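# Breakdown of the fold
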Amino acid sequence: GSEKATRIAAPAERGAGAVGVSGMRDLICFRGEGGPAQLAALGTRLEEAESAPLFARLEGGQPMLVIDRANCHDSAALEQSLRETGELEVLQDVAAVSVVGLGIGDDPAHLSTLLSVAEECEAEVLSVDSVPLRLTLLTRPQSVEELQRALHARFIELEREDEE
């Protein structure tokens, strides 16, 4: 048996919480159907193009990759290179809004709040990424400003009021 353990979910520790909200536009999302092998091939192509993804992961066993067009030397050439790895769905009109802070991605309540705010703002949810220091919602550019304001109000302003 393995001695490794996986932490499923636990509330954020005292003192943890959101410290900021940020947004990015002009992102490109690639979704494939070639499993882990295609994700590895996509990573190799990115390395060859000297580009780094914002996200690279498997969703439902299939690759998903998000890149910032501004950080690509030639996004059209990179897209063509990535398409050579297999079947890809390409979403051109993508943006991201992130809430950052210690333990923000560890607490399922924070994810629920993020999704509730997105619903209240009627923002299209393309994907969600959660890591211990960040929760990121992939959406459309027209939703970024409203989501940033609403998430700031919910995560930053309310937490400050709770501390007082």
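Reference entry: report on the structure contained in this document. Predicted, not measured: the structure shown is a model, and the values here were computed from it. The residue numbers shown here count from 1 along each chain, following its written sequence. It should be noted that, the model being predicted, local features are given only for residues of pLDDT at least 70 and side-chain atom pairs only at 80 or more, the latter also being counted only at that level, while totals for whole chains, interfaces and linings use all residues. The basis for every side-chain value is the complete set of heavy atoms in the structure, and neither hydrogens nor water enter the calculation.

## Concerning the overall build of the protein
The way it works is that DSSP assigns letters per residue, a run of H or I at least four long becomes a helix, a run of E at least two long becomes a strand, and they are numbered from the N terminus. Each helix and strand counted, the protein has 4 helices and 6 strands in total. Secondary structure elements of the protein, listed N to C terminal, follow the sequence β-α-β-β-α-β-α-β-β-α. Sorting the 164 residues of the protein into buried and exposed places 40% on the buried side. The contact definition used throughout considers only heavy atoms, calling two residues in contact when any of these lie within 4.5 Å. Contacts in the protein between residues at least 24 apart in sequence constitute 76% of all its contacts with a sequence separation of at least 6. In these tables, accessible area is a Shrake-Rupley quantity obtained with a 1.4 Å probe, and a residue counts as shielded only by the protein chains included in the view. A total accessible area of about 9300 Å² is found for the protein, and carbon and sulfur atoms account for 48% of it. For each residue, the accessible area found with a 1.4 Å probe, counting protein chains only, is set against the maximum for its type, and the residue is called buried under 20%, exposed over 50%, and partly exposed in between.

## Considering the environment of Ala 96
Assignment of secondary structure puts Ala 96 in strand E4 (residues 88-102). Expressed as a C-alpha distance, the spacing of Ala 96 and Arg 140, which sit 44 residues apart in the sequence, is 7.7 Å. Ala 96 has contacts with Ser 22, Gly 23, Met 24, Leu 27, Thr 136, Leu 137 and Leu 138, leaving out every residue within four places of it along the chain.

## Notes on helix H3 (residues 108-120)
The span one expects for a helix is its residue count, reduced by one, times 1.5 Å. Look at H3: 18 Å from first C-alpha to last across 13 residues, which is about the 18 Å you get at 1.5 Å a residue. Residues adjacent in sequence count toward polar contacts only when both atoms are side-chain atoms; beyond that, a polar contact is any pair of N or O atoms within 3.5 Å, and within protein one must be able to donate a hydrogen and the other to accept it. N-capping of H3 is provided by Asp 107, with a side-chain oxygen placed 2.9 Å from the backbone N of Ala 109. Just downstream of H3, Glu 122 is the residue with a positive phi angle, here 55 degrees.

## Focus: the sheet that holds strand E5 (residues 127-131)
At least two bridges found by DSSP between two strands are what make those strands a pair. Taken in spatial order, the 6 strands line up as E2-E3-E1-E4-E6-E5 in an open sheet, and their pairing is antiparallel. Strands with a single pairing partner mark the edges of an open sheet, and in this sheet they are strand E2 (55-59) and E5. Here the average twist between neighbouring strands, direction ignored, is 30 degrees. Of the pairings in the sheet, the one linking strand E1 (residues 17-32) to E4 comprises 12 bridges and is antiparallel in character. Paired with Ser 22 across the bridge in E4 is Ser 98. Inter-axis angles, ranging from 0 to 180 degrees, are taken between N-to-C directions of lines fitted to C-alpha atoms, where helices are fitted over the stretch in contact. Set on the sheet, helix H1 (residues 35-48) makes contact with E1, E2, strand E3 (62-68) and E4; between it and E3 the angle comes to about 25 degrees.

## Some words on the environment of Ala 56
Positionally, Ala 56 belongs in strand E2. Taking the relative accessible area as the measure of exposure, Ala 56 reaches 45% and is therefore partly exposed. If near-sequence neighbours (up to four positions away) are discounted, Ala 56 is found in contact with Leu 39, Met 64 and Leu 65.

## A short note on the side chain of Ser 143
As for its position among the elements, Ser 143 is in the loop between strand E6 (134-139) and helix H4 (144-163). Filtering out sequence-adjacent residues up to four positions away, Ser 143 remains in contact with Ala 123 and Glu 124.

## Section: the pattern of salt bridges
Between side chains of opposite charge, a pair can form when the charged atoms approach closely. The term salt bridge refers to a side-chain nitrogen of Lys or Arg lying within 4 Å of a carboxyl oxygen of Asp or Glu. Tallied over the entire structure, the rule returns 9 salt bridges. Of the charged contacts in the structure, one is a salt bridge between Arg 45 and Glu 84, with a shortest N-O distance of 2.8 Å. Highlighted residues: Arg 45 in helix H1 and Glu 84 in the loop between helix H2 (75-83) and E4, separated in sequence by 39 residues. Of the residues examined, Arg 45 reaches a relative accessible area of 22% and is grouped as partly exposed. Residue Glu 59 pairs with Arg 57 through a salt bridge whose shortest N-O separation is 2.7 Å. Arg 57 sits in the buried class, given a relative accessible area of 16%. Among the charged side chains, a salt-bridge network with shared partners connects Arg 57, Glu 59, Asp 129 and Arg 134.

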